[in-house]
Amino acid sequence: AVKMHIDSQGNREITFLNPEMIEDQTTLGIEDNENTNISDKFLLKQNFPNPFNSNTTIQFDIPLNPPLKGGTTQSGGYISLNIYDVNGKEIATLIDNINTSGSYQVDWNASSCPSGIYFYTLRTKDFAKTRKMLLLR
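Cut-offs and rules
- Residues numbered from 1 in each chain as written.
- Predicted model: local features only at pLDDT ≥ 70, side-chain atom pairs only at ≥ 80, totals over all residues.
- Heavy atoms only, no water.
- Helix = DSSP H or I, 4+ residues; strand = E, 2+ residues; numbered from the N terminus.
- Buried < 20%, exposed > 50% of the residue type's maximum accessible area, 1.4 Å probe, protein only.
- Areas by Shrake-Rupley, 256 points an atom, 1.4 Å probe, with all protein chains shown as cover.
- Contact = heavy atoms within 4.5 Å.
- Polar contact = N/O pair within 3.5 Å; in protein donor to acceptor, adjacent residues only side chain to side chain.
- Core = buried A, V, L, I, M, F, W, Y, C linked by side-chain atoms within 4.5 Å.
- Pairing = 2+ DSSP bridges.
- Phe/Tyr/Trp six-rings, centres within 6.5 Å; stacked < 30°, edge-to-face > 60°.
- Axes fitted to C-alpha atoms, helices over the stretch in contact; angles between N-to-C directions.

Draft legend 1. Here's a closer look at the overall build of the chain. The helix and strand inventory of the chain stands at zero helices and ten strands. Reading the chain from its N end, one meets helices and strands in the order β-β-β-β-β-β-β-β-β-β. The buried share among the 137 residues of the chain stands at 28%. Within the structure as shown, the chain displays about 8,900 Å² of accessible surface, and the carbon and sulfur contribution to it stands at 48%.

Here you go:
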């Protein structure tokens with residue numbers, strides 16, 4: 001028997017559980033030759049936890065050669081992640097001008113902000129995605 005585990009980053013791990021087949025339990029890491037852990041499109045995930053008290057984590061993916069309007073592709077470009085209050089006032093800049101594809105995780109400490117609804121936006125030249133989060137004290 002085997003046990004397969006896929007973590008939140010997409011990494012796979014297989015553990016052989018049959019002691020008759022294998023003397024000791026063996027864990028194998030599986031690595032793909034391709035960049036399968038990198039999305040083929042921009043992805044902005046919901047923050048966690050939400051609602052939150054002071055600290056929350058925001059995850060997002062930047063694709064390899066992300067598509068632009070008209071079907072062309074780019075190899076990077078200006079990317080930012082900003083936090084806004086309900087009035088549209090920018091509260092924080094978490095990412096400013098990264099251009100490397102991959103999966104990212106950013107923590108936001110909102111200890112100096114009052115309770116309420118906030119928005120975070122991942123923005124590039126040709127893409128913008130906004131999500132809502134709730135800060136509770």
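Draft legend 2. Molecular detail of the environment of Asp85. By the secondary structure assignment, Asp85 is in strand β6 (residues 80-85). Not counting residues within four places of it along the chain, the set of residues in contact with Asp85 comprises Ile91, Ile117, Tyr118 and Phe119. Within the local environment of Asp85, its side chain forms a polar contact with the backbone nitrogen of Asn87, the two atoms lying 2.9 Å apart. At 2.9 Å, the side chain of Asp85 and the backbone nitrogen of Lys89 are in polar contact.

Draft legend 3. Focus on the nonpolar core. Judged by nonpolar contacts, the single largest core of 21 residues is most densely connected at Phe60, Leu81, Ile83, Trp108 and Met133. Residues within four places of Met133 in sequence aside, it is in contact with Asn47, Asn50, Phe52, Thr56, Ile58, Ile83, Trp108, Gly116, Ile117, Tyr118 and Tyr120.

Draft legend 4. Representation of the environment of Leu43. Mapped onto the fold, Leu43 is located in strand β4 (residues 43-44). Put simply, Leu43 and Phe60 are 17 residues apart on the chain and 5.3 Å apart in space, counted from C-alpha to C-alpha. Contact partners of Leu43, with chain neighbours within four places excluded, come to Gln59, Phe60, Asp61 and Leu122.

Draft legend 5. Quick look at the sheet that holds strand β8 (residues 102-109). Ordered in space as β4-β5-β8, the three strands form an open sheet in which the pairing is antiparallel. At either end of the open sheet lies a strand with only one pairing partner, and these are β4 and β8.

Draft legend 6. Summary view of the packing of aromatic side chains. Taken as a whole, this structure holds four aromatic pairs when the rule is applied. Their ring planes at 10° and their centres at 5.2 Å tell us that Phe60 and Tyr104 sit as a pair that is stacked. Taken as a pair, Phe60 in strand β5 (residues 55-62) and Tyr104 in strand β8 lie far apart in primary sequence, 44 residues in all. For Phe60, a relative accessible area of 0% corresponds to the buried category. Taken together, the aromatic side chains of Phe52, Trp108 and Tyr118 make up a single cluster linked through ring pairs.

Draft legend 7. Structural detail: the side chain of Ser54. Along the chain, the position of Ser54 falls in the loop between β4 and β5. Among the polar contacts made by the side chain of Ser54, one reaches the side chain of Arg137 at a distance of 3.1 Å. For Ser54, the contacting residues outside a window of four places in its chain are Trp108, Asn109, Ala110, Ser111, Leu135 and Arg137.

Draft legend 8. Just the sheet that holds strand β10 (residues 128-135), in detail. In space, the four strands of this open sheet follow the order β7-β6-β9-β10, with antiparallel pairing throughout. Each edge of the open sheet carries a strand with a single partner, namely β7 (90-96) and β10. Pairs of neighbouring strands in the sheet enclose a mean axial angle of 20°, with direction left out of account. With six bridges joining them, β6 and strand β9 (residues 116-123) adopt antiparallel strand pairing. In the sheet register, Leu81 faces β9, and the bridge partner there is Leu122.

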